[in-house]
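# Structure assessment
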Amino acid sequence: MKHTTYFLALTLIFLAPLALAEPIDKALISKITLQDENAAHALNAHPFQSTAEHNIVRKISQALDEGQPIRVFNEEKVWNALGGQAGGTHMLRFSISAHQFVTGKLNVEGAANVSLFLNGQAISGDGEFSLKLLNQDHRALLIVSGVEDWESFTIAWETPEQEQQNNQKVAVTFGDDSKRMRPTMRHFYDSKNVGMLDLSPNGELLMWSKSWYSDLGGDTPHSLVEIIDVDSQNVVYRFQGTTPRNVTWRDDSKVLAFVHDNTIFELDTSSWGLKELATDIKDVRSLEYLSDGELLLSWHKPEDKPHAFTKRLRALEDRWNYFRGNQQLYILDIQSGLFKQVTDNALSTRVFDINAEQRTAIIGRNPIDYDQPPHSLTQLLEIDLDTSDERLLGEYRTLNTAQYHKDGIIVIAGPSFSDGLGENIGQESIANDYDGQLYLLDNNNNTKPLSLNFDPSISGAQVFANGNLLLNVTEQDRQQLYEYDVDDERFSKVEINVEAMTAFSISEGRRPQLVYAGSNATVPQRVYTKRLRASNDTRLFDSVSEDFSNIELVTLKDWDYTTESGQFIDGRVYYPADFDETKKYPAIIYYYAGTVPVGRGFTGRYPFSWYASMGYVVYVLQPSGTIGYGQEFSARHVNAWGINTAEEIIESTKAFVDAHAFVDESRLGNMGASYGGFMTMYLATKTDMFAASISHAGISNLTSYWGHGWWGYGYSGIATKGSWPWNRTSLYVEQSPVFAADKVTTPLLLVHGDADTNVPVGESHQMYTALMLLGKDVELIEFQGDDHHVNSRERRFRWWQTKLAYFDMKLKDEPQWWQHLYPSDKK
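Below you will find a few notes about this structure.

Rules behind the numbers
- All chains use their own residue numbering, which begins from 1 and follows the written sequence.
- This being a predicted model, a pLDDT of at least 70 is required before a residue's local features are given, and a value of 80 or more before pairs of side-chain atoms are given or counted; all residues contribute to the totals for chains, interfaces and linings.
- To get the side-chain values, all heavy atoms of the structure are used, and hydrogens and water are removed first.
- For Phe, Tyr and Trp, rings pair up if their centres lie within 6.5 Å, where Trp contributes its six-membered ring, and each pair is then called stacked (planes under 30 degrees apart), edge-to-face (over 60) or tilted (otherwise).
- Residue exposure (1.4 Å probe, protein chains only): buried if accessible area is under 20% of the type maximum, exposed if over 50%, otherwise partly exposed.
- The helix and strand labels rest on DSSP assignments: H or I over at least four residues marks a helix, E over at least two residues marks a strand, and numbering proceeds from the N terminus.
- The criterion for a charge sitting over a ring is simple: Lys NZ or Arg CZ within 6 Å of the ring centre, and within 35 degrees of the ring normal.
- Side-chain atoms within 4.5 Å are what join buried Ala, Val, Leu, Ile, Met, Phe, Trp, Tyr and Cys residues into a set we call a nonpolar core.
- Residues are treated as being in contact if the distance between any of their heavy atoms lies within 4.5 Å.
- Two strands are said to pair when DSSP picks up at least two bridges between them.
- An axis is simply a line fitted to the C-alpha atoms; with a helix, the fit covers only the stretch in contact. Between two such axes, the angle follows the N-to-C directions and lies from 0 to 180 degrees.
- To estimate how far a helix should extend, the number of its residues minus one is multiplied by 1.5 Å.
- Picture the helix axis, draw a direction to every C-beta atom, and the arc is the one those directions span.
- Only one rule defines a salt bridge in this text: a Lys or Arg side-chain nitrogen within 4 Å of an Asp or Glu carboxyl oxygen.

## Let's talk about the packing of aromatic side chains
- Applying the stated criterion to the full structure yields 57 aromatic pairs.
- With a centroid separation of 6.4 Å and an interplanar angle of 50 degrees, the aromatic rings of Trp 610 and Tyr 611 are classed as tilted.
- Relative accessible area serves as the criterion here: at 0%, Tyr 611 is assigned to the buried category.
- For the ring pair Trp 641 and Phe 678, a centre distance of 5.0 Å and an interplane angle of 90 degrees mean the geometry is edge-to-face. Of the two residues, Trp 641 sits in the loop between helix H7 (631-635) and helix H8 (645-659) while Phe 678 sits in helix H9 (residues 675-684), which places them 37 residues apart along the sequence. As far as burial versus exposure is concerned, Trp 641 and Phe 678 are alike and both buried.
- Aromatic ring contacts, followed pair by pair, group Tyr 189, Tyr 213, Tyr 574, Tyr 590, Tyr 591, Tyr 606, Phe 608, Trp 610, Tyr 611, Phe 797, Trp 799 and Trp 800 into a single cluster.
- For the cation-ring pair, Arg 93 lies above Trp 79, with the distance from its terminal atom to the ring centre recorded as 4.8 Å.
- Note that Lys 557 overlies the ring of Tyr 575, its terminal NZ or CZ placed 5.2 Å from the centroid.

## A closer look at the nonpolar core
- Judged by nonpolar contacts, the single largest core of 85 residues is most densely connected at Tyr 574, Phe 608, Trp 610, Tyr 611, Phe 656, Met 679 and Trp 817.
- Those residues in contact with Trp 817 that lie beyond four places of it in its chain are Phe 101, Leu 134, Trp 610, Met 614, Gln 801, Leu 804, Ala 805 and Asp 808.
- Formed by 29 residues, the second largest nonpolar core is a distinct cluster that contains Val 102, Val 144, Ile 155 and Val 172.

## Structural notes on the sheet that holds strand S26 (residues 339-341)
- The sheet built from 4 strands is open, its strands ordered S23-S24-S25-S26 with antiparallel pairing. What marks the edges here is a single partner per strand, and that holds for strand S23 (284-291) and S26. Across the sheet, the axes of successive neighbouring strands diverge by a mean angle of 30 degrees, strand direction being ignored.
- Judged from the 6 bridges that link them, S23 and strand S24 (residues 294-301) form a sheet pairing that is antiparallel. Looking across to S24, one finds that Glu 288 is bridged to Leu 296.

## Quick notes on the side chain of Ser 609
- By the secondary structure assignment, Ser 609 is in helix H6 (residues 608-613).
- By relative accessible area, which is 3% here, Ser 609 ends up buried.
- Among residues more than four places away in sequence, those in contact with Ser 609 are Phe 188, Ala 521, Thr 522, Val 554, Tyr 574 and Phe 602.

## Describing helix H14 (residues 793-811)
- Its 19 residues give H14 an end-to-end C-alpha distance of 27 Å, which sits within 8% of 27 Å, the value for a rise of 1.5 Å per residue.
- With 15 of 19 residues buried, H14 lies mostly within the body of the structure.
- Looking one or two residues past H14, Asp 813 carries a phi angle of roughly 55 degrees, positive in sign.

## Focus on helix H1 (residues 49-66)
- Under the 1.5 Å per step criterion, the end-to-end length of H1 is 26 Å for 18 residues, consistent within 8% with the ideal 26 Å.
- Every buried residue of H1 is listed here: Glu 53, Val 57, Ile 60, Ser 61, Ala 63 and Leu 64. All buried residues of H1 fall inside an arc of 160 degrees around its axis, so they share one side.
- Next to the buried residues of H1 lie strand S3 (30-35), strand S4 (70-72), strand S7 (89-98), strand S9 (113-118) and strand S12 (137-145).
- In the stretch just after H1, Gly 67 is the one whose phi turns positive, near 70 degrees.

## A word on the pattern of salt bridges
- All told, the structure shown has 46 salt bridges when counted by the stated rule.
- Notably, a salt bridge pairs Asp 215 with Arg 186, separated by 3.1 Å at the nearest N-O pair. With a gap of 29 residues between them, Asp 215 in the loop between strand S16 (205-212) and strand S17 (222-229) and Arg 186 in helix H3 (residues 185-190) connect regions that are remote in the sequence.
- Taking relative accessible area as the criterion, Asp 215 reaches 36% and is therefore assigned partly exposed.

Shown next, in the form of structure tokens:
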């Protein structure tokens, strides 16, 4: 969209230290009358005024987004220009667009009572409203009463004197609110999202969960769990005050069981009767019907701490605060309520799969074993659930899942599983065991690799009665589904309408019903259903119509590059809102550069579409080493720590700038998190091509991460396989950014949660200390109490703003946002 085509621009340029207030053109303001002057009780005198106003604003905003008529007590309201009846209570609407972070005041004169809402948020004030506007579009709704004369009624924008003294040119445009708007942070976090999908075995009923956020709820999500009829899409049951976990359907689809509030419930889908099966059942980890009258469950008992404030570490795993808890299997007899213990072992037992007909299960245990990397071992066993007799099937490293199959057991594991049977790489390479492969352990104890020539990485499998498989895979930067025909040894892609699938469920039978959820890079979440091999998908849920119907989404184009050495680099480009190819734009370069690709999900921790809507070109690239592109590609991650990827990022970014004339090469910013945060620090020691860099939860010292991070030694057992500080000191030193801190010239923002157990906060502190002592341009922002990810709503908003404000300061020469977030008297 082009704001200039429908906005009357009011550009305020301050050259003198005098506060200026410019009235908004009344032609841009529309109104409806909510109450006439004869109303017995005015809205402003309502005993619940705030609640009443929030509610009507929410409903009218929704109607405006969806293009629906406004009705008040069955009377349709038509938006008109200011004028006419002055008495009574009215709602006014217009839009405010800021093109950088702006502070100012909105002054309303000529009304006795005024309430202001921006994008549905109440703004405190009484005729004078102090605003802090992000670089986005804002719908302004005012509820006013006590207007004597519309001619003398005015709304004016005033910029603080401080902004004028800073000689800042502040542009604010006002419009009539009739066009689509740029998205806000709240769209990317608050919008309704479908989480759980659980189809009944016959495919007729679907249990799904929905969650969303609001200003009223704050960090606590609103949630809803329903069961719908798949064909009619009608809701047949809604859970009230209950959040089901560990949901399991009985084979006949007539009953399901679940856990809520330490209680196991059973729901009858014919009568919708709900009954308790067991109470005071804490920490049940899984639940599955063994028969109509029995449930198999995994039950976890936390460790009884031996001492209040000391802890003896007996293994590397003891750095995990949950490690010494113990989980075992039990059978619940539904009729009597008796629990029968099935397993009893010093090691926790997990269930991979059950064979209800044979009354057996495939189970796994993980003894402590450091003999060789990866430093984890899985004992794979089969157990008779009636006698508790166990049979050891084998001990394996890199094993992820195991399921019964008509020809034996289907296993998903890394390429080095079973002495490297799944490897498809050159002799000089070491396989990346995060790259999931498919195997069959047949009934004669032979292991057969099934995916040697299949490039996507496999993370999950559904086994059908005929032996075929439905596979959940990472295919380049997409999450997709494939079907595997065991007899023909053939992979067939399942056509779905999303790029980044987040959940799926499939029924049993000859014509399985599939339900899946996901999004595209620039399209919010949708949920579809279809018959597995059919071409027609029916949409069950659409976030666009729910939350984005009045939002202008940005444009994306794929842009791939092949390096001079012949390495293919997958990439995509998000174009700024109101894109004009004749302009020069700052650009954000984003990568992970670790062992998984940066997916094409619409939102999440890194909402690239939001960055683009704020005036940035965003280039996302996938350096070598990630899964999803074949084993040769993923193997480049092992024992690299930036050796390959740094040059790939530098070369690809230079080529990207050369190929896109609208990108300003002097205003490039780069950003990454976790391994990507390490890569940001490492790049800062190798190049000065970036004008600003951001590292979230990055690693600065490979040795301290390896020795202290909760998963440091385990991750290194794959990513640095065979290499330790004592036998490859050069790798651990030369690839650690802190040892080359004196080479950094790029301004660097370090962001870290101070409760991070994955990458301890000391990793950022080491780099910060080095750069401060060297007199470099560096900032460190700690999120107190946050772990590796900043998840809660208000903290996420602050985290998002922190990063964009830093880039605004460094790439756009607009420091106001950063100074607002982090006022500084630093000498």
